[in-house]
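Below are the chains, spelled out letter by letter.
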Amino acid sequence: MITDQQVEFFQTFGFLPLREAFSADEMTAIGDTFDGMLAKDREGRPFPGETRQALYGIAERNPLLSDLAQDDRIYSTVERLLGPGFHWLCSEGNLYVGETEWHPDGSRLNFPPMKVSLYLDTLTRATGCLRVIPGSHRLPLHEALRPIEKLGVPGTDVPCHFLESNPGDVLFLNMNIWHAAYGGAVGRRHLAVNFVPEATEPEHVELMKTNHRTLINLMERFQYSQPGRAFTDDFLNSERPRIRRMASKWVELGLQ
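Throughout what follows, the structure given in this document is the object of discussion. Because the structure is predicted, anything quoted here is derived from the model rather than measured.

1. Points about the nonpolar core
Then, number 1: In terms of nonpolar packing, the biggest core is built from 57 residues, with Ile74, Val78, Trp88, Val116, Phe172 and Phe195 touching the most fellow members.
Then, number 2: In contact with Val78, not counting residues within four places along its chain, are Gly83, Phe86, Met114, Val116, Phe172 and Phe195.
Then, number 3: Listed in part, the 11 residues of the second largest apolar core include Tyr96, Leu123, Cys129 and Ile177.

2. Re the state of the cysteines
Then, number 1: Per the counting criterion, the structure on display carries zero disulfides.
Then, number 2: Here Cys129 stays free of any disulfide, with the sulfur of Cys160 as its closest cysteine sulfur at 7.8 Å.

3. A few points about the packing of aromatic side chains
Then, number 1: Counting across every chain of the model gives seven aromatic pairs.
Then, number 2: Ring plane angle 50° and centroid distance 5.0 Å describe the contact between Trp88 and Phe235, whose orientation is recorded as tilted. Within this pair, whereas Trp88 is found in strand β3 (residues 87-96), its partner Phe235 is found in helix α7 (residues 233-236), the two being separated by 147 residues in sequence.
Then, number 3: You can call Phe235 buried: its relative accessible area is 2%.
Then, number 4: Judged by centre distance (5.2 Å) and plane angle (40°), the rings of Phe231 and Trp250 are tilted. With Phe231 in the loop between α6 (202-222) and α7 and Trp250 in helix α8 (residues 241-253), this pair connects stretches of sequence that are 19 residues apart. Across the pair, exposure class does not vary: Phe231 and Trp250 are buried alike.
Then, number 5: Taken together, the aromatic side chains of Tyr75, Phe86, Trp88, Phe195 and Phe235 make up a single cluster linked through ring pairs.
Then, number 6: Residue placement shows Arg52 over the ring face of Phe222; its charged tip is 4.1 Å from the ring centre.
Then, number 7: The ring centre of Phe86 lies 4.7 Å from the NZ or CZ of Arg245, which sits over that ring.

About the thresholds
- Residues numbered from 1 in each chain as written.
- Predicted model: local features only at pLDDT ≥ 70, side-chain atom pairs only at ≥ 80, totals over all residues.
- Heavy atoms only, no water.
- Core = buried A, V, L, I, M, F, W, Y, C linked by side-chain atoms within 4.5 Å.
- Buried < 20%, exposed > 50% of the residue type's maximum accessible area, 1.4 Å probe, protein only.
- Contact = heavy atoms within 4.5 Å.
- Disulfide = S-S within 2.5 Å.
- Phe/Tyr/Trp six-rings, centres within 6.5 Å; stacked < 30°, edge-to-face > 60°.
- Helix = DSSP H or I, 4+ residues; strand = E, 2+ residues; numbered from the N terminus.
- Lys NZ or Arg CZ within 6 Å of the ring centre and 35° of its normal.

Structure (structure tokens):
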């Protein structure tokens, strides 16, 4: 269970790293599963390394990976940070190519989504670790950075915090925060499970529907062969109470 100080840190700066949350054996199993699922999406072909590969719905398709979402190390932390009624948003498995320029994952300041990331390779500031601008998930800094080119410096020189990580670390990130990555090797691996707070207003539900449409479009762009469906029946109707609760909003909305 995270402390009140860690909750305050996340609210203030927009990110929270939990170091060595998962063991080496757990990460080996997660990494092997990840590699196998992305290879299956490529139908066994080698990763060409020309553009990013992303497999959305990766956790929803695999019991080991979906278990991460109900694991206390993730579930209880998300519950402290987003509140007890939070919803499942989606999952993604990425093989990155090249640099990721500065951007936020949208600007949903009144309904902030959360990305929970496990990087499956050691990443430093020299090898493509995530860079964040602390506090940029909040106004006025969030909008003051748009467009970031007006800062007049290369993306690599933008003042930031380097979220260096090792396999087993978990990074909790407000998706409105400005972030980037530079200098990483081709094929660096990233697994993420994503959440939103409880949808208490009609506009929150509309944002969830919009996210679902965007997700289907991303699946069509970046996946090789998997069907264009965000969630599986096994996930939506899971016998595991925490997963069934998190997924229940999608069942209510009739979205798959």
